[in-house]
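Notes for the structure review
In case you want the letters, here they are:
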Amino acid sequence: MIVVAVVFAVLFGFALVSPVSELIALPGVYDAYGIGDSTPWVLLIVNVALPVVLYVAALLLGRGRPLFARALILTVALAAAFALHFELVALVGAIQPALT
């Protein structure tokens, strides 16, 4: 049972790579274009926190359930983490000021 949690922890770690890199790199890009004051900090932080929150929630929901049900809950949470990440990336792109 612990193997499933560890495997999904690694997969959720992969889901964190892109949000963390965006949190580090995007403010510099915005500064380079002169729109550093428009950095969407709230969306960037939510984007980083979301996979962690979904992983913990899936672990708590999966407690006491059979192995297949636990793996299914973690799979749905992982899919939601990736889908919400792409949605937040699209939202950041939509609300950014025009680059000159």
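Residues numbered from 1 in each chain as written. Predicted model: local features only at pLDDT ≥ 70, side-chain atom pairs only at ≥ 80, totals over all residues. Heavy atoms only, no water.

**A look at a nonpolar patch on the surface**
A grouping of Ile-2, Val-3, Val-6, Val-7, Val-10, Leu-11, Phe-14 and Val-17 is seen on the molecular surface, where their side chains present a nonpolar patch of about 750 Å² in accessible area. By secondary structure assignment, the location of Ile-2 is in helix H1 (residues 2–32). On the accessibility criterion, Ile-2 (63% relative accessible area) is exposed. (Patch = residues over 30% accessible without salt bridge, like charges linked within 9 Å, V, L, I, M, F, W, Y side chains within 5 Å. Areas by Shrake-Rupley, 256 points an atom, 1.4 Å probe, with all protein chains shown as cover. Salt bridge = Lys/Arg side-chain N within 4 Å of Asp/Glu carboxyl O. Helix = DSSP H or I, 4+ residues; strand = E, 2+ residues; numbered from the N terminus. Buried < 20%, exposed > 50% of the residue type's maximum accessible area, 1.4 Å probe, protein only.)

**Details of the side chain of Asn-47**
Looking at where Asn-47 falls in the secondary structure, it is placed in helix H2 (residues 41–62). Only 3.2 Å separates the side chain of Asn-47 from the side chain of Glu-22, close enough to count as a polar contact. When sequence neighbours within four positions are dropped, the list of residues in contact with Asn-47 reads Pro-19, Glu-22, His-85, Leu-88 and Val-89. (Polar contact = N/O pair within 3.5 Å; in protein donor to acceptor, adjacent residues only side chain to side chain. Contact = heavy atoms within 4.5 Å.)

**Structural notes on the packing of H2 against helix H3 (residues 67–95)**
Where H2 meets H3, the axes come as close as 9 Å, and the angle between the chain directions of the two elements is 165°. With respect to each other, H2 and H3 are oriented roughly antiparallel. Taken as a pair, H2 and H3 cross one another with a handedness that is right-handed. (Axes fitted to C-alpha atoms, helices over the stretch in contact; angles between N-to-C directions. Parallel < 35°, antiparallel > 145°, perpendicular 65-115°, else oblique. Left-handed = near helix turned anticlockwise from the far one by under 90°.)

**With respect to the environment of Gly-62**
Here Gly-62 shows up in helix H2. When its relative accessible area of 0% is taken as the criterion, Gly-62 is described as buried. Sequence spacing of Gly-62 and Ala-80 is 18 residues, and the spatial spacing of their C-alpha atoms is 16 Å. Not counting residues within four places of it along the chain, the set of residues in contact with Gly-62 comprises Arg-70 and Ile-73.

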